[in-house]
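Given next are the chains, with one letter for each unit.
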Amino acid sequence: MKNGKHLTLGIETSCDETAVSVVADGREILSNIISSQISIHTEFGGVVPEIASRRHLENINDVIEAALREADTTLDEIDLVGVTYGPGLVGALLIGVAAAKAISYAADIPLVGVNHMHGHIAANYLEHHELEPPFMALVVSGGHTNIVNVPDYNRCEKLGGTRDDAAGEAFDKVARVIGLGYPGGPKVDKAAKLGNRNAIDFKRVYLGQGNFDFSFSGLKTQALNYLNTEKQAGREINVNDVAASFQEAIVEVLVDKAVDAALKYKQKRIVMAGGVASNSRLRELIEERAGAHGIEVLRPSPILCTDNGAMIASAAYYAYKAGERSGYDLDAVPALEF
Ligand code: KG4
Ligand code: ZN
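Residue positions are given per chain, counting from 1 as you read along its sequence in written order. The naming scheme follows written order: chains are lettered A onward, ligands numbered 1 onward. The predicted origin of the model limits local features to residues at a pLDDT of at least 70 and limits the giving and counting of side-chain atom pairs to 80 or more, whereas totals for whole chains, interfaces and linings rest on all residues. Side-chain metrics rest on all non-hydrogen atoms present in the structure, leaving aside hydrogens and water.

The next subject is the packing of aromatic side chains. Put simply, two rings from Phe, Tyr or Trp (the six-membered ring, in Trp's case) pair if the centres are within 6.5 Å, and we call them stacked under 30 degrees between planes, edge-to-face over 60, tilted for the rest. Enumeration according to the criterion identifies nine aromatic pairs in this entry. Ring geometry for F202 against F246: centres 6.5 Å apart, planes inclined by 90 degrees, an arrangement best described as edge-to-face. Of this pair, F202 sits in the loop between helix 6 (184-192) and helix 7 (217-232) while F246 sits in helix 8 (residues 239-264), and the two are 44 residues apart along the sequence. Relative accessible area decides the class of each residue, using a 1.4 Å probe on protein chains only: under 20% of the type maximum gives buried, over 50% gives exposed, and in between gives partly exposed. Residue F246 is classed as buried on the basis of its relative accessible area, which comes to 0%. One aromatic cluster in this structure is built from Y125, F135, Y153, Y317 and Y318. Counted as over-ring charges are cases with an Arg CZ or a Lys NZ within 6 Å of the ring centre that also lie within 35 degrees of the ring normal. Residue placement shows K257 over the ring face of F214; its charged tip is 5.6 Å from the ring centre. Labels follow the DSSP assignment, with helices taken as runs of H or I lasting at least four residues and strands as runs of E lasting at least two, numbered in each case from the N terminus.

Below, the structure is given as structure tokens:
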């Protein structure tokens with residue numbers, strides 16, 4: 001406790017960010033340290049799991065210390081340790097889980113393992129202090145694409161997910177194909193602003209009315225086919241047009257399904273989460289189409305959309321308040337379901 005506030009230390013190492021944060025009362029960020037490995041993985045065009053876990057191991061203690069220092073606190077004042085235990089890369093997750101268990105044991109602080117996806121949703125509690133469930137969530141990250149009904153803090157009902165590539169993965173793959181590089185999402189977003197979104201007719205895959213699943217794997221093939229055809233015909237490729245048209249095909253399906261789900265479950269709010277939630281066109285179109293039905297749209301600022309320790313701390317806090325505790329047998333679960 002510090003100044004009468006409950007302090008949670010949140011640890012996140014599921015992919016390529018070593019991230020640690022101190023959050024007060026589940027809502028107020030006292031520190032949010034993110035040590036990104038993106039520049040290292042860029043060389044390889046994507047995340048290399050072995051390099052990721054080695055880097056987490058090298059960084060984790062410094063990042064924890066920096067988070068405590070910036071929050072002007074010590075472990076004596078920390079009331080709870082929250083850590084991502086899945087889904088993610090097993091070697092990467094294990095570093096965070098081991099660090100969290102060691103702190104919990106050594107300093108005698110309760111431990112709560114957090115589902116990374118619940119963390120992404122909880123990022124909204126940090127941004128919008130008045131936000132409370134119920135709401136519909138659209139969780140779009142590099143590894144996951146889910147529509148989730150959230151009736152209260154500790155219940156997440158997954159209505160649908162991707163059958164193949166996640167939205168962020170599709171962005172990254174197509175960015176590579178058109179030569180924009182890694183990480184693809186932000187680069188496609190930027191290029192798309194200069195392009196025509198109606199230039200190329202990429203297919204919108206809906207998988208049937210009332211179905212909340214997604215399929216994005218065909219888009220990469222379509223992009224490849226388009227590029228080959230144009231090349232063979234000797235025509236110059238307009239990368240901005242490809243980016244804008246491809247982005248529109250993904251974003252339109254995401255928006256339509258999220259709005260349909262909100263209407264079906266009579267939710268008056270859609271909460272966005274995950275790295276792709278910072279996509280500018282997604283934000284624009286969802287506000288337009290949800291707004292037409294009187295549905296409010298919320299999302300965290302970009303720094304809280306991508307992986308961070310604060311969202312894990314917030315999710316841990318609400319799980320802890322509901323009575324959840326993890327033991328020292330907490331293990332990494334790479335394929336953890338929602
Ligand atoms: O949530 P996140 O940081 O990590 C995972 O848990 O996966 O999401 C990363 C993903 C990457 O695929 C990245 O390309 C995508 O989010 N992304 C974006 C944008 N910013 C990040 N995709 C589209 N537009 C963006 N502006
Ligand atoms: Zn994530």
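More follows now that the structure is in view.
Ligation of the zinc ion (ligand 2) by protein atoms is provided by H116 (NE2), H120 (NE2) and D307 (OD), these donors lying 2.0 to 2.1 Å from the ion. Atoms of type N, O and S within 2.8 Å of a metal are treated as its donors, and for Na, K and Ca the window is 3.2 Å; water is not considered, so some sites may appear to be missing partners. All donors to the zinc ion (ligand 2) come from one chain, and their sequence spacing reads H-x3-H-x186-D. Here H120 and H116 lie together in helix 4 (residues 116-127), a separation of four residues that amounts to about one turn. When sorted by exposure, H116 lands in the same class as H120, which is buried.

With that out of the way, let us pick up the sheet that holds strand 10 (residues 296-298). By way of backbone hydrogen bonds, the strands of a sheet pair with one another, either parallel or antiparallel. The criterion for strand pairing is that DSSP finds at least two bridges linking the strands in question. Read across the open sheet, the five strands follow the order 8-7-6-9-10; overall the sheet is mixed. Strand pairing shows two members of the sheet lacking a second neighbour, strand 8 (155-161) and strand 10, which therefore form its edges. Across the sheet, the mean angle from the axis of one strand to that of its neighbour is 25 degrees, orientation sign disregarded. Relative to strand 10, strand 9 (residues 269-273) runs parallel, the two being bridged by three bridges. Note on strand 10: the bridge partner recorded for V271 is L298. Simply put, an axis is a line fit to the C-alpha atoms, just over the touching stretch for a helix, and the angle between two N-to-C directions goes from 0 to 180 degrees.

The subject of this paragraph is helix 7. Think of an α-helix as 3.6 residues a turn; residues three or four steps apart then line up on the same face. Every helix has an expected span of 1.5 Å times one less than the residues it contains. Here helix 7 contains 16 residues, and its C-alpha end-to-end distance of 24 Å stays within 8% of the 22 Å for a straight helix at 1.5 Å per residue. All of the buried residues in helix 7 are L219, A223, L227 and E230. Around the axis of helix 7, the buried residues are gathered within 75 degrees of arc, so they sit on the same side. By definition in these notes, contact holds between two residues if any of their heavy atoms fall within 4.5 Å. Against helix 5 (167-177) and helix 8 lie the buried residues of helix 7. To obtain the arc, one takes the directions from the helix axis to the C-beta atoms.

Bringing the sheet that holds strand 5 (residues 111-115) into the picture now. Pairing within the open sheet is mixed, and its five strands lie in the order 3-2-1-4-5. Two strands close off the open sheet at either side, each with one partner strand: strand 3 (28-36) and strand 5. Each adjacent strand pair in this sheet contributes to an overall mean axis angle of 20 degrees, direction not counted. Relative to strand 2 (residues 17-24), strand 1 (residues 7-12) runs antiparallel, the two sharing six bridges. Its bridge partner lying in strand 2, L9 is registered against V22. Lying over the sheet, helix 2 (residues 49-70) contacts strand 1, strand 2 and strand 3, oriented at roughly 25 degrees with respect to strand 2. Relative to strand 5, helix 4 is tilted by about 95 degrees, and along the sheet it contacts strand 1, strand 2, strand 3, strand 4 (80-86) and strand 5.

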